[in-house]
Amino acid sequence: LAFLRLAGAGFRRVAGAGGCMAVAVQDIAQWLDDRGWEYLTVEDADQTRFVLSLECSGALTLSLEVSVAEEGQFVQLRVAELIPGRTLETTPYRRRILSAAAEETFRRRLAKIGFDPQDGEIDCCVDLPLEDCTLTQRQFEYAFHLVILVARLVHARMAVILETGRDPGPLNVEDLPKPQ
């Protein structure tokens, strides 16, 4: 819930911060359909998820999930398992990987790189807390393409660390494998 602090009056709920849908699940489905993306829809009691599998250049397949929660007031785009937990457990370069993940998160404004201590995986996500604003198709597509780009960049960096033990530092789009 969104709150506004009024001088001497405590907290008060801001109009429009609850009950209005910032984005409809049908809008997200339509935007994905418009782009020709194939996806699986999973509806839970508190959220709807769209699950996609994206084949990228360089033999990389990303698992992307778009979650719509809190009655459309929160959207998360997440690429899971950039580095699987079992790989992170067995590599002697675990500290370098986690350090690179922290650096990548620090460098980004919208996308975050995460480490799940439960299963050890590294993932990438963009959180869109909409509260009392409406998500446009343009904003959604920006976030969608951003999470994919950042995931590809981070995956490429982590792959070099896993292979060589050397951290190449942050990569640029030019460093990614080209389509064949």
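The preceding data block contains the structure.
Bear in mind the structure is a predicted one, so any value in this text is a computation, not a measurement.

Definitions and limits used
- Residues numbered from 1 in each chain as written.
- Predicted model: local features only at pLDDT ≥ 70, side-chain atom pairs only at ≥ 80, totals over all residues.
- Heavy atoms only, no water.
- Helix = DSSP H or I, 4+ residues; strand = E, 2+ residues; numbered from the N terminus.
- Buried < 20%, exposed > 50% of the residue type's maximum accessible area, 1.4 Å probe, protein only.
- Contact = heavy atoms within 4.5 Å.
- Phe/Tyr/Trp six-rings, centres within 6.5 Å; stacked < 30°, edge-to-face > 60°.
- Polar contact = N/O pair within 3.5 Å; in protein donor to acceptor, adjacent residues only side chain to side chain.

Caption draft 1: Spatial organisation of unusual backbone geometry. Positive phi values are uncommon outside glycine, yet glutamate 70 reaches one of about 50°. Along the chain, glutamate 70 turns up in the loop between β5 (60–69) and β6 (74–83).

Caption draft 2: The arrangement of the environment of isoleucine 83 in detail. Note on placement: isoleucine 83 falls in strand β6. On the accessibility criterion, isoleucine 83 (3% relative accessible area) is buried. Taking the C-alpha atoms as reference points, isoleucine 83 and valine 154, separated by 71 residues in sequence, lie 9.6 Å from one another. Apart from residues no more than four positions distant in its own chain, isoleucine 83 is found in contact with Leu88, Gly120, Glu121, Ile122, Met158 and Leu162.

Caption draft 3: Representation of the packing of aromatic side chains in the model. All chains considered together, the criterion is met by 4 aromatic pairs. Both rings, one in tryptophan 31 and one in phenylalanine 140, keep their centres 5.4 Å apart while their planes meet at 40°; by these two values the pair is tilted. Taken as a pair, tryptophan 31 in helix α1 (residues 25–34) and phenylalanine 140 in helix α4 (residues 137–164) lie far apart in primary sequence, 109 residues in all. Joined through ring pairs, the aromatic side chains of Trp31, Trp37, Phe140 and Phe144 make up one cluster.

Caption draft 4: Spotlight on the side chain of arginine 157. With respect to the secondary-structure elements, arginine 157 resides in helix α4. Arginine 157 sits in the buried class, given a relative accessible area of 0%. At 2.5 Å, the side chain of arginine 157 forms a polar contact with the side chain of glutamate 103. A polar atom in the side chain of arginine 157 sits 2.8 Å from the side chain of glutamate 104.

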